[in-house]
Amino acid sequence: MQVKRFFAADMRQAMKLVRDELGADAAIIGNRRIAGGVELTAALDYKLSALAPRVPNMELEDELRKTQSRIVTAQAELSLRGDGESDKSTNRQLFAGLPLTAAEPLIESTLAEPRRSAPAPAAATGVDPRAFDSMRFELNSLRELMEVQLGSLAWNQLQGSRPAQANLWRRLQRIGLSGPLSRDLLALITDIEEPRQAWRMLLAHLARMIATPEVEPLEEGGVIAMVGPAGMGKTTTLAKLAARYVLKYGAQNIALVSMDSYRIGAQEQLKTLGRILNVSVTHVDPGQSLVQALEPLLRKRVVLIDTAGLQASDPALRMQLESLAGRGIKSKNYLVLATTSQKQVLTAAYHSYKRCGLAGCILTKLDETASLGEVLSLAISHELPVAYLTDGPRIPDDLHLPRRHQLVSRAVSVQMQEEPSEEAMADMFADIYHSPTKQVG
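Residues numbered from 1 in each chain as written. Predicted model: local features only at pLDDT ≥ 70, side-chain atom pairs only at ≥ 80, totals over all residues. Heavy atoms only, no water.

- As annotated in an unreviewed UniProt entry, the chain is Flagellar biosynthesis protein FlhF from Pseudomonas lini.
- Its UniProt record gives the chain the following Sequence similarities (unreviewed entry) comment, quoted word for word: "Belongs to the GTP-binding SRP family."
- Quoted verbatim from the Function (unreviewed entry) heading of the UniProt record, the comment on the chain is "Necessary for flagellar biosynthesis. May be involved in translocation of the flagellum." (UniProt positions renumbered as here; feature names shortened; annotations may be inferred.)

If you want it as structure tokens, here you go:
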């Protein structure tokens, strides 16, 4: 038997390390919290793994459901102390509608852990809070283990029972679409069996899910703000929008406003743009009233605001977003997202800037991206209309109005060339367990 310890920031990463080094037949024989993450102890016994039956094991299913009941009971005890309610609802969903097999010894090996940790004390009075913290950690670890394993089981069963649909899952993953969005798309074509027709219908449904403004924001006019983290292309996008408007309507009815007093050279960059376009530029310092700064510009048909890209933890960001969300502003705020950014960066940007009220998003750097699926998944899941696209440095030539079918075609053209790995597909199925509906395939 081969035994090894693995260290990672969270359970998901630790499980991936186990799979990569020991394979899918490894068994978890211990886990504990350490400074900076978790420690997993995994074992691999080739003889036992080879003898594992590849048939449904009803006794294992019953045991898993008993474990689920213990988890719910323990979570109920924790909720009485004012915490744990969200974890309880999540754990209740772990085994909904998914048949299990004994093909994965990893699940079976984790069953001994909740027997020791799940039962909550009968009387909470006088119990050390650290005991509850330890119990909560063990329950969360068990949940993550089960999610990873159930995702792998679900993917393996889908490949065996419905290979054509499994192939569509792979193709959607190559585009970069999220698991929940892929599931929703596939649910729309369950009655189509011919693979080529199914794929065409999938792309058509995806195009219909992408929202775009009925009226171009510049044509509608008003106060338009570019918001988003640093490096997304806010200032360049504002320059393209300003040039587009000036070339079409002239410079008399447009003004530029800069709220970026943090980035070196930001104000000078906007001043240079103003001189080139013959457009007035107003600078708003931190703490200055945005309402007062905009008052002399109310007669302008379009006012474009460039904001600072600040970290989510920066108090100045909260003040900036509150200014844009003020009732006297009536600003239409567009989240600028670079399509070259990772999924986690895009998600964090949305949650940081949604507080100011988002009218939509602008997708930048399409000429540099290797995948459009991540940003399209974000825009669709959060119902953000795509207002503009940029795909180069030229001002304003590389600014375009979005065409949904063209955007989907572009997403397909830049998809990954290699097939996603089995581990990536299993991880995607595991992520689906976080969403309310978990019928996959």
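That shown, we press on.
### Some words on the packing of helix H16 (residues 343–353) against helix H17 (residues 373–381)
Argument step 1. For the pair H16 and H17, the least separation of the axes is 9 Å and the interaxial angle reads 25 degrees. When the axes of H16 and H17 are compared, the pair comes out roughly parallel. Pair H16 / H17 crosses with right-handed handedness. Taken together, the residues of H17 that come into contact with H16 (itself represented by Lys343, Leu346, Thr347 and Tyr350) are Glu374, Val375 and Leu378. (Axes fitted to C-alpha atoms, helices over the stretch in contact; angles between N-to-C directions. Helix = DSSP H or I, 4+ residues; strand = E, 2+ residues; numbered from the N terminus. Parallel < 35°, antiparallel > 145°, perpendicular 65-115°, else oblique. Left-handed = near helix turned anticlockwise from the far one by under 90°. Contact = heavy atoms within 4.5 Å.)

### Focus: the sheet that holds strand S11 (residues 399–400)
Argument step 1. The sheet built from eight strands is open, its strands ordered S6-S5-S7-S4-S8-S9-S10-S11 with mixed pairing. Edge strands, defined here as strands with exactly one partner in the open sheet, are strand S6 (280–283) and S11.
Argument step 2. As paired strands, strand S10 (residues 386–390) and S11 are joined by two bridges and run antiparallel to one another. Paired with Thr390 across the bridge in S11 is Leu399.
Argument step 3. In the packing of H16 onto the sheet, contacts are made with strand S4 (222–227), strand S8 (331–338) and strand S9 (358–364), and the angle to S8 comes to roughly 165 degrees. (Pairing = 2+ DSSP bridges.)

### Some thoughts on the packing of aromatic side chains
Argument step 1. Evaluated as defined, the whole model comprises one aromatic pair.
Argument step 2. Seen in terms of ring centroids, Tyr245 and Tyr249 are 5.0 Å apart; in terms of plane orientation they differ by 40 degrees. Their pairing is tilted. Of the two residues, Tyr245 and Tyr249 are both situated in helix H12 (residues 234–249); the distance of four residues between them amounts to about one turn of the helix.
Argument step 3. A cation over a ring is seen here: Arg171 above Trp199, with NZ or CZ 4.0 Å from the ring centre. (Phe/Tyr/Trp six-rings, centres within 6.5 Å; stacked < 30°, edge-to-face > 60°. Lys NZ or Arg CZ within 6 Å of the ring centre and 35° of its normal.)

### Quick word on H16
Argument step 1. Residues Leu346, Ala349, Tyr350, Ser352 and Tyr353 constitute the buried set of H16. The arc that holds the buried residues of H16, viewed along the axis, is 165 degrees, so those residues lie on one side.
Argument step 2. Buried positions along H16 lie against S4, helix H15 (315–324), S8, S9 and H17. (Buried < 20%, exposed > 50% of the residue type's maximum accessible area, 1.4 Å probe, protein only. Arc of directions from axis to C-beta.)

### Considering the side chain of Thr339
Argument step 1. Position of Thr339 among the secondary structure elements: in the loop between S8 and H16.
Argument step 2. Judged by relative accessible area, which is 4%, Thr339 ranks as buried.
Argument step 3. Engagement of the side chain of Thr339 in a polar contact is seen with the backbone oxygen of Lys365, the distance being 3.1 Å.
Argument step 4. Discounting residues that sit within four places of it in the chain, Thr339 has contacts with Leu363, Thr364, Lys365, Leu366, Thr369, Ser371, Leu372 and Val375. (Polar contact = N/O pair within 3.5 Å; in protein donor to acceptor, adjacent residues only side chain to side chain.)

### Quick notes on the environment of Asn333
Argument step 1. With respect to the element layout, Asn333 can be found in strand S8.
Argument step 2. Contact partners of Asn333, with chain neighbours within four places excluded, come to Ala225, Val227, Leu324, Cys356, Gly357, Leu358, Ala359 and Gly360.

### A word on helix H10 (residues 195–209)
Argument step 1. Taking 1.5 Å of rise per residue, the 15 residues of H10 would be expected to cover 21 Å, and the 21 Å separating its terminal C-alpha atoms lies within 8% of that figure.
Argument step 2. Along H10, the positions that sit buried rather than exposed are Ala198, Trp199, Leu202, Leu203, Ala204, His205, Leu206 and Ala207.
Argument step 3. The secondary structure elements touched by the buried residues of H10 are helix H8 (163–175), helix H9 (179–187), H17 and helix H18 (404–413).
Argument step 4. Its side-chain oxygen placed 3.0 Å from the backbone nitrogen of Arg196, Glu194 serves as the N-cap of H10. (Expected span 1.5 Å × (residues − 1).)

### Regarding the side chain of Thr390
Argument step 1. Summarising the element assignment, Thr390 is placed in strand S10.
Argument step 2. What Thr390 contacts, discounting residues up to four positions off in sequence, is Thr237, Lys240, Leu363, Thr364, Lys365, Leu366, Asp398 and Leu399.

### A word on the pattern of salt bridges
Argument step 1. The tally for this structure, following the rule as stated, stands at seven salt bridges.
Argument step 2. Glu39 is paired through a salt bridge with Arg5; the nearest N and O atoms lie 3.8 Å apart. Placement of the pair is Glu39 in strand S3 (residues 37–44) and Arg5 in strand S1 (residues 2–8), with a sequence separation of 34 residues.
Argument step 3. Residue Glu39 is classed as buried on the basis of its relative accessible area, which comes to 5%.
Argument step 4. With a shortest N-O distance of 3.5 Å, Asp391 and Arg410 are connected by a salt bridge. Of this pair, Asp391 sits in the loop between S10 and S11 while Arg410 sits in helix H18, and the two are 19 residues apart along the sequence.
Argument step 5. We classify Asp391 as buried; its relative accessible area is 19%. (Salt bridge = Lys/Arg side-chain N within 4 Å of Asp/Glu carboxyl O.)

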